[in-house]
Amino acid sequence: MTALNRVPSLLTRAGTASALTLAAVGGSIAVPGAAADAAAASPGTKALQVAASKKGAPYKWGAAGPRRFDCSGLTLYSYKKAGKALPRTAAAQYNKTHHISASHRKAGDLVFFHSGRNVYHVGIYAGKGKIWHSPKSGSVVRLEKIWTKSVWYGRVR
């Protein structure tokens, strides 16, 4: 009897099986809608994946990819690949997004750094207080902890 043939008997005996049990016997389980959900990932999730794929790309002022980026160039490029259009600058991107509180932020949202009313930097929220961004001349696209409380959040719709 193969491991896959044992899965139904596990399910019958236990009524249900945990993912760990199934993995232990080499089985799999179909989750209704899972494939559709994966295919229908949000633009924010897709943009986050694109930004992460650019890890190590050099910063260049005014660049919007595909090999070099400034901060807003990275967000513009990432969202464009996810099927959403953004304006070119961090401030214009802030004005185009749906503003949300820090308590409602989620991975893929944009994080805008500001001084007073002036937005000067943008990155893509990666979760756990970190962003993917292209920080400054001489640096590269990287994942970094948010270093200030002077941030606003925006969601691309």
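Structural notes, computed from the coordinates. (Residues numbered from 1 in each chain as written. Predicted model: local features only at pLDDT ≥ 70, side-chain atom pairs only at ≥ 80, totals over all residues. Heavy atoms only, no water.)

### Digging into the nonpolar core
The nonpolar side chains of soluble globular proteins are, as a tendency, buried together.
Then, in step 1: In this structure, F69, Y79, L110, F112, V122, I124 and V141 are the most contacted members of the largest nonpolar core, which totals 22 residues.
Then, in step 2: The contact partners of V122, leaving out residues within four places of it in the chain, are C71, S72, T75, A90, Q93, L110, V111, F112, F113 and H133.
Then, in step 3: Counting residues in hydrophobic clusters, the runner-up holds eight residues, among them Y125, I131, V151 and Y153. (Core = buried A, V, L, I, M, F, W, Y, C linked by side-chain atoms within 4.5 Å. Buried < 20%, exposed > 50% of the residue type's maximum accessible area, 1.4 Å probe, protein only. Contact = heavy atoms within 4.5 Å.)

### Some details on the sheet that holds strand β6 (residues 151–155)
Note: strands within a sheet are paired through backbone hydrogen bonds, in either parallel or antiparallel orientation.
Then, in step 1: What the six strands build is an open sheet, ordered β1-β6-β2-β3-β4-β5; its pairing is antiparallel. At either margin of the open sheet sits one strand with a lone partner, and together these are β1 (98–100) and β5 (142–145). Here the strands of the sheet are splayed against their neighbours by 40 degrees on average, with no regard to which way each runs.
Then, in step 2: Sheet topology places strand β4 (residues 130–133) next to β5; four bridges connect them, and they run antiparallel. When the sheet's bridge partners are listed, W132 is paired in β5 with L143. (Pairing = 2+ DSSP bridges. Helix = DSSP H or I, 4+ residues; strand = E, 2+ residues; numbered from the N terminus. Axes fitted to C-alpha atoms, helices over the stretch in contact; angles between N-to-C directions.)

### Observations regarding helix α4 (residues 43–53)
Then, in step 1: Those residues of α4 that fall on the buried side of the exposure criterion are G44, A47, L48, V50 and A51. Burial along α4 is one-sided: seen end-on, the buried residues are contained in an arc of 165 degrees. Structural note: α4 exposes Q49 and S53 on the side pointing more than 90 degrees away from its buried face. (Arc of directions from axis to C-beta.)

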